[in-house]
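# Residue-level structural notes
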Amino acid sequence: MALFAVFQTTYLLALLSLRTYESEVLSEPLPLTPESLKVSVNSTCQCLHLQWTVHSLAYHQELKMVFQIQISRFKTSNVIWVENYSTTVKQNQVLHWSWESELPLECAAHFIRMRSVVDDSRIPESGFWSNWSSWEEADAQNLLGHDPLFVFPKDKLVEEGSNVTICYVSRIHQDNISCYLEGVQIHGEQLDRSVTAFELKNVSFIRKKGTNVFCKMEQGGVLGGIVLFVSKVLQEPKDFSCETQDLKTLTCTWDPGSDTGLTKQPSQSYTLFESFSGKRTLCKHRNWCNWQVAQDSQETYNFTLLAENYLRKRSVSILFNLTQRVHPMTPYNLFPKNVGATNATMTWKVHSIGNNSTLLCQLELLTEEKVIQQHNVSIKVNGEYLLSELEPDTEYVARVRCAYTKHFWKWSEFISQKFNTAEAAPSEAPDVWRNMKMVSGHPTVSLFWKPLSKVHANGKILFYNVTVENLDKPSRLEVLSIPAPARSTELTLDQCSYQIHVTAHNSVGPSPASVIVVSGDPGNEEVEKGRVNGTEDGFSVSWKPQSGDATGYVVEWCDGPQDLPCVLQWKNLGPNTTSTVISSGAFRPGVRYNFRIYGISTKRMAHLLEKKAGYLEELAPSDNPQVVMSNLTSHSFTLSWKDYSTESQPGFIQGYHVYLKPKAGEQCHQAFEKTVLPEDSVCCKYTIDNPEQKTFVVENLQPESVYEFFVTPYTSVGEGPLDAFTKVTTPDEYSHILIRIILPMVFCVLIVMIICYLKSQWLKEKCYPDIPDPYKSSVLSLIKSKENPHLTIMNVNDCVPDAIEVINKPEGSKIQFLGTRKSLTETEFTKPAYLYLLPTEKNYSGPGPCICFENFTYNQAASDFASCGHFPVTPQAPPPQLGPLTSPENLLKALEQNYMNSLGEIPAGEANLNYVSQLASPTSGDKDSLPTNPPEPALCSEYKMQMAIPLGLASAPPRENSSLSSTTLLGQGEHCS
Amino acid sequence: MLACLCAVLWHLPAVPAHNRTGDPGPGPSIQKTYDLTRYLEHQLRSLAGTYLNYLGPPFNEPDFNPPRLGAETLPRATVNLEVWRSLNDRLRLTQNYEAYSHLLCYLRGLNRQAATAELRRSLAHFCTSLQGLLGSIAGVMAALGYPLPQPLPGTEPTWTPGPAHSDFLQKMDDFWLLKELQTWLWRSAKDFNRLKKKMQPPAAAVTLHLEAHGF
């Protein structure tokens, strides 16, 4: 009963209390005005932080309320933000609300007030706003110092692409403040007398050290600035995956993307979170992280990778089963074992995974970087596999990788090992060919062989053995060992047939022998010659099959041009083959290649079957023949170019074009065709379609005309280069007749001249006989014979001259002087003067007439030198003095010296040629001037000095003044009468 | 002449001992220090260009001359000419030593904050060279018998920005650090040139020797 009474009392009290509450809430408007509003400024985030309480709430009362917040800037009336903040309010609870300002808070004073309203469904009639709280001011400018200029926000970190508002506060109210973004001036909006704001839109990353924004006053050098750090947007990690190598540790990797690397912001951090276990780890590296696998046999994992920086967070998740993410470690200790020529055993080891786990290993064999064998082997720890079908003496690479057998996820990395197989004997006989020729009268065979391919050599070929066996008579085998890498040898044989074996040897043994039979008689087989066409693939050579027992064919050719030494090439072909394509990288267009086709008999002897010649590609002739022109007549001439070789041309010469330029206006002859040359000149062309015809007669020409000709060969591609034309002029039609007349006339003249020469003595006697010499007179001999010693011929020295005629004779007037006396008197220079050296008994009133003889048989120069005089010139003594000489002194001296010498060499008898002719008749002068005493030798005779002088002196051209004047001879003591 | 000889002999004890013993004296080391300052000038020219580009405009602009706001702790190289002339050798060397000690610390701080590896390499190389200059100055002071200035305990200069130190001001400090360093290198070149001339053997002694032969 007591318990009931207590319960009843409690119920009544509670009911009373409820009634009281209801009466309080519902009966009057709730005075739930926000109280104790405090505003603080956070410059780092540019946030206004508000906190307040609602004191009017009853104890334990919890109501949903809406707070309306107003924010004004600069002044209360300038409301810039209104926001309703809904929350559940308890009694005495301190409420918080933040607002981030776009404009840096330091640039403007902000005013905040709020009011509230109950928004609780339990109180239906509660929709009345409370009164506004009083304005609270948040002015960060008060915190600034006394600097004249500030720029905000300081060191803000933003993401690339965002918009940023910057402002400056100037303590000095000046208009001349300019602001710059990275050195470029920016313009803003003035918000207040001292505040200007700039809005930077879509900012971009410039450098890790931040973007500089600064303002400066033009006066005073005041400067303020900020650094805006622009971060690139954090990227989501890519390729996030986790795997394990040993089922103990998981390694998760990802691609972090780019990192801005700002100095203001550290690199983004990465956190690995596993949701099933709830464990978390902060990764030390930016692209991988290790996770220790728990021992509780957790198989499934759900990982979340969280990337974050100051501005953003990114995450990526994966869910997987541990055993499905096994990536085995790289195998190790891979070695070849028991390596033979064709097989080898490979062994290797793997790291174990868990207990008794099986790994699938893949063994690959490579040669020349190509996989040639692949084998799968299941192993636990140790692996072994026998590789077979290997090539001898070959380098191989074996490599192994393994994967988890239970759930294949990834192959491990490869481990590789190189090894070489051992050598084996060469597997194939060398390809041998021969070339027969006669050297010094002995048949000589040149043997050629091709080096064995690597596949057939099976090792390094050390030498070749050549065994020569005489088939005609039994003899000892001759074995030659030729060290590699020789590819040919030469054997001198006799007329017998020989069988030659060639084997290649390496370190293991010899190859099968290649057999060839040669005969000592090289033979000169005349075979069919043909042409072969070249294509891009090479020369398609075909031949007629040899009837009988051909065991094969060989096509032989030289790789190089004809003018180079032959690099013999050959190709072996089967017995049923009658065509092949010969290709070689050495083939060049415009080069003639000669192919010889041999048939191989059952006796291994080769017989020449055919010869072919061809060009890989024919070209136009590169040069023109040297044309010789002959048989030129007035109507024709012959052209020939017999030295032109058609064999060495870059194509098959099909013929020749003879170009002839006729004289102007002349038409082409019938056989010629009119053509236009590249330089637009018109000429006539004659085509010779026979390449062996190397002469051509150009006919039907006009006499005395100029023709130009030019000969060029042509191939199927075109003709030779256009060279210069050669000019030829046809002679006059009658010139040959003139020649027939002139030649005999010349001949006759020559005959006459020869006769004259032969009869010169006779002519001399007839035309100009010698002057008689008294010393040589026959009379003298008669006198001597009568032994009358007193009879002598009067010597010219004995005569005493009574007058000397001095003649000043200019050169060039000799003929005149000699021919016409009258001219002498007319010319002052040539007028003779007479000196009377000895007085005569009778007065001699004047000069007498002079007679001058001249002997033309003597040298003209000597005559000139001697001049005419009435005295003999004595050579023994030089003149004691020389008068004035106008000629060069040296010449004069030489002249004198030569003169003396020449006279000195003259025999005495000849020296006496200087004489006065005794035949000179004193009556030959002018009779009117004769002296009164006739016996006196009053008359003077003029002589030409007759002497022999050396040719050298004679040839010296006498100068006008070089002759000795008479005056210079006055010192001589001898006189002539 | 005799009076002159006596005067010179009277002043001989004032000449440092190394001049009389045939020891080359501090002359070569002063010359090397001078050469080192010229080399560092050249090296700084390249480094400053790179670093100011790293800071960005306006710091890399040639005519940028900001007020010296936050760089008050930097040792000032500029000094009144008369004051500079009146400095004695010891004070002159001490100022150089102290200045480069401080500047080296600041430079090492700069190196720690550099964001690129190439810049860190360049700064480290320059710091090594500057350390060499410091050692060279210490060598000259020791040769002249001057003690090295002892750093006051707890006054190790630092170059870490304080909380109120904005990044822009930090850049200004970096700018001023490089500028002061350059000015100090200029001043040091003048200092050591002056010292070098002063330490050259007096010409009067040579003259005296020649004249003695004349007697």
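Going by the structure above, here's the rest.
Conventions and cut-offs
Chains are numbered independently. Their residues run from 1 in the order of the written sequence. Chain letters start at A and ligand numbers start at 1, both assigned in the order the entries are written. Predicted model: local features are reported for residues with pLDDT of at least 70 only, side-chain atom pairs are reported and counted for 80 or more only, and whole-chain, interface and lining totals are derived from all residues. Side-chain numbers here rest on the full set of heavy atoms in the structure, without hydrogens or water. A run of DSSP states H or I qualifies as a helix once it reaches four residues; a run of E qualifies as a strand once it reaches two. Both are numbered from the N-terminal end. Only protein chains enter the calculation, and the probe is 1.4 Å; a residue is then buried if its accessible area is under 20% of its type maximum, exposed if over 50%, and partly exposed in between. In this description, contact between two residues means that some pair of their heavy atoms is separated by no more than 4.5 Å. Per-residue and other accessible areas were derived by the Shrake-Rupley procedure at a 1.4 Å probe size, with only the shown protein chains allowed to occlude residues. We call two strands paired when DSSP finds no fewer than two bridges between them. Simply put, the buried area is the total loss of 1.4 Å probe accessible area from both parts when two parts are fitted together. Salt bridge, as used here: a side-chain nitrogen of Lys or Arg that lies within 4 Å of a carboxyl oxygen of Asp or Glu. Counted as a polar contact is a pair of N or O atoms within 3.5 Å, where, for protein atoms, one must be capable of donating a hydrogen and the other of accepting one, and residues adjacent in sequence contribute only when both atoms are in side chains. In this classification, Asp, Glu, Lys and Arg are treated as charged, Ala, Val, Leu, Ile, Met, Phe, Trp, Tyr, Cys and Pro as nonpolar, and every other residue, Gly included, as polar. Classification of ring pairs rests on two measures: the distance between centres of Phe, Tyr or Trp rings, Trp counted by its six-membered ring, which must be within 6.5 Å, and the angle between planes, read as stacked under 30 degrees, edge-to-face over 60 and tilted in between. For a Lys NZ or an Arg CZ to count as sitting over a ring, it must be within 6 Å of the ring centre and within 35 degrees of the ring normal.

## Describing the overall build of chain B
- Looking only at helices and strands, one finds seven helices and zero strands in chain B.
- For chain B, the N- to C-terminal ordering of α and β elements is α-α-α-α-α-α-α.
- Buried residues in chain B amount to 42% of all 215 residues.
- The long-range fraction of contacts in chain B, counting pairs at least 24 apart against all pairs at least 6 apart in sequence, stands at 84%.
- Carbon and sulfur atoms make up 60% of the accessible area of chain B, which totals about 11,700 Å².

## Topic: the pairing of strand β11 (residues 177-181) of chain A
Residues and elements named next belong to chain A.
- With four of five residues buried, β11 lies mostly within the body of the structure.
- Examined bridge by bridge, β11 and strand β15 (residues 211-217) share five bridges and lie antiparallel to one another. What sits directly across from Cys179, in β15, is Cys215.
- Pairing geometry for β11 and strand β12 (residues 184-186), over three bridges, is antiparallel.

## Brief notes about the interface of chain A and chain B
- Facing the 20 residues of chain A at the interface are 20 residues of chain B.
- Buried area between chain A and chain B, both sides added, is near 1,400 Å², and the carbon and sulfur share of it is 61%.
- For chain A, the biggest contributors to the area lost against chain B are Lys209, Asn212 and Leu223 of chain A; these three give 40% of the whole.
- The tally of links from chain A across to chain B stands at zero salt bridges.
- Remark: the boundary between chain A and chain B carries five residue pairs in polar contact (both at pLDDT 80 or more).
- The dominant element in the side of chain A that touches chain B, judged by the number of residues it contributes, is strand β16 (residues 223-231) of chain A, at six residues.
- Residue composition of the side of chain A that touches chain B, by class: six nonpolar, seven polar and seven charged.

## Overview of the packing of aromatic side chains
- Under the definition given, this model contains 41 aromatic pairs over all chains.
- Centre to centre, the rings of Phe150 of chain A and Phe152 of chain A are 6.1 Å apart; their planes meet at 15°, and the pair counts as stacked.
- Under the relative-accessibility criterion, Phe152 of chain A is labelled buried at 3%.
- With a centroid separation of 5.2 Å and 75° between ring planes, the pair formed by Phe64 of chain B and Phe175 of chain B is classed as edge-to-face. Residue Phe64 of chain B is located in the loop between α2 (27-55) and α3 (81-86), and its partner Phe175 of chain B is located in helix α6 (residues 167-199); the two are separated by 111 residues in the primary sequence. Neither residue differs from the other here; Phe64 of chain B and Phe175 of chain B are each classed as buried.
- Geometry around Trp84 of chain B places Arg92 of chain B over its ring, the cationic atom sitting 4.8 Å from the centre.

So yeah, pure geometry; function would need other evidence.
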